[in-house]
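Spelled out, the chains give:
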Amino acid sequence: MNPTLILHGGAGAQDPTLRDARLQGLRRAFGAAWTILQQGGAALDAVVRAVVELENEPVFNAGIGSCLTEDGEIEMDASVMEGTTLRVGAVGAVRTVRNPILLAKALMETGRHVFLVGDGAERFARGQGFPVATREELMTERQLRRWRAAQTKGEPGTVGAVALDKHGHLAAATSTGGIFNKQSGRIGDSSIIGAGTYADDSLGASSATGQGEAIIRTTLTRTAVEFLRGGKDPMQAARAAIEFLKKRTGGEGGLVLLDPFGRVGYAYNTSAMSLAFVSGDTVVVRD
């Protein structure tokens, strides 16, 4: 089985002044995850590594550089799923963890719970030895200026990765700072299994980005994976899922998708979507 990987850095209107930084961030994240897969590593480790790299890039709305709530705070969501035994880990409304995807993975590995939010997630982080990240560490001047100006226009949010390793195992991971000026306590699709993240070795794996409420209502990643039944083409399945999102909710978004054969699919109905994936022997990075 040849390894395969596809990343996304959010769907929606792009800030042209940050394009080069986004492309460089996608390349670095892809390279770090691709090395893991090429060395025979697990899909789970690859997608987590990719998302960690993107969380550490201030130009993406995840981890450092997350957007602010209406109260001027940072609340982040993340989830991870592996397709072999369907193990999952998800965290929501996290404020003091630099890399929420690592916290989601740690929760998955405990095997007791699959979803923790708010104070419970923070206490779990301390118990697992995660260092406290301050608001100042996570906040960027750009996001602070947006909040002070009370801008209502959105921008790309959410990062994610989907991988297939040489053993035929699939995994998906998604992380976000949410939507700008959101109500405190709001949980989006990125931490909801079947909405923002889904993986099943027998069907496929997907990570989504866009209007979280609409994505939740359509369980978008699970819907996309279900469209793969019977060996359907991943590009067609991805487009069908986005068409379903638009038809049933009027929502906007995008997703990346892999099937068990390593075929890549993606689709979006926004003005743009940041992507990195392998096409033949070439790594394609686009913004």
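What this report covers is the structure whose coordinates are included nearby. (Residues numbered from 1 in each chain as written. Predicted model: local features only at pLDDT ≥ 70, side-chain atom pairs only at ≥ 80, totals over all residues. Heavy atoms only, no water.)

**A short note on the overall build of the protein chain**
A count of helical and extended segments in the protein chain gives nine helices and 12 strands. Against the compact-globule benchmark of 19 Å for 287 residues, the protein chain has a radius of gyration of 17 Å, which places it among compact chains. Projected onto the principal axes, the alpha-carbon positions of the protein chain cover approximately 50 × 40 × 35 Å. By the burial criterion, 60% of the 287 residues in the protein chain qualify as buried. For the protein chain, restricting intrachain contacts to residue pairs at least 6 apart in sequence, the fraction spanning at least 24 positions comes to 67%. Surface accessibility of the protein chain: about 11,300 Å² in total, with carbon and sulfur atoms responsible for 49%. The averaged location of the 31 negative side-chain charges in the protein chain is 3 Å from the averaged location of its 31 positive side-chain charges. (Helix = DSSP H or I, 4+ residues; strand = E, 2+ residues; numbered from the N terminus. Rg over C-alpha atoms; globule rule 2.2 N^0.38 Å. Buried < 20%, exposed > 50% of the residue type's maximum accessible area, 1.4 Å probe, protein only. Contact = heavy atoms within 4.5 Å. Areas by Shrake-Rupley, 256 points an atom, 1.4 Å probe, with all protein chains shown as cover. Lys, Arg positive; Asp, Glu negative; His and termini not counted. Charge placed at Lys NZ, Arg CZ, Asp CG, Glu CD.)

**Observations regarding the sheet that holds strand β10 (residues 264-268)**
Taken in spatial order, the four strands line up as β7-β8-β9-β10 in an open sheet, and their pairing is antiparallel. With one partner strand each, in any of the chains shown, β7 (197-200) and β10 form the two edges of the open sheet. Taking the axes of each pair of neighbouring strands and ignoring which way they run, one obtains an average angle of 10 degrees across the sheet. Inspection of the sheet shows strand β8 (residues 204-210) paired to strand β9 (residues 253-258) by six bridges, in the antiparallel sense. Note that in β9 the partner of A208 across the bridge is L255. This element, helix α9 (residues 234-249), spans β9 and β10 of the sheet and lies at about 25 degrees to β10. (Pairing = 2+ DSSP bridges. Axes fitted to C-alpha atoms, helices over the stretch in contact; angles between N-to-C directions.)

**A short note on the packing of aromatic side chains**
A complete count under the given rule lists two aromatic pairs for this structure. Aromatic pair Y266 and F277: ring centres 5.3 Å apart, planes at 40 degrees, arrangement tilted. Taken together, the positions of Y266 in strand β10 and F277 in strand β11 (residues 273-279) put the pair 11 residues apart, joining distant regions of the chain. The class for Y266 is buried, based on a relative accessible area of 16%. (Phe/Tyr/Trp six-rings, centres within 6.5 Å; stacked < 30°, edge-to-face > 60°.)

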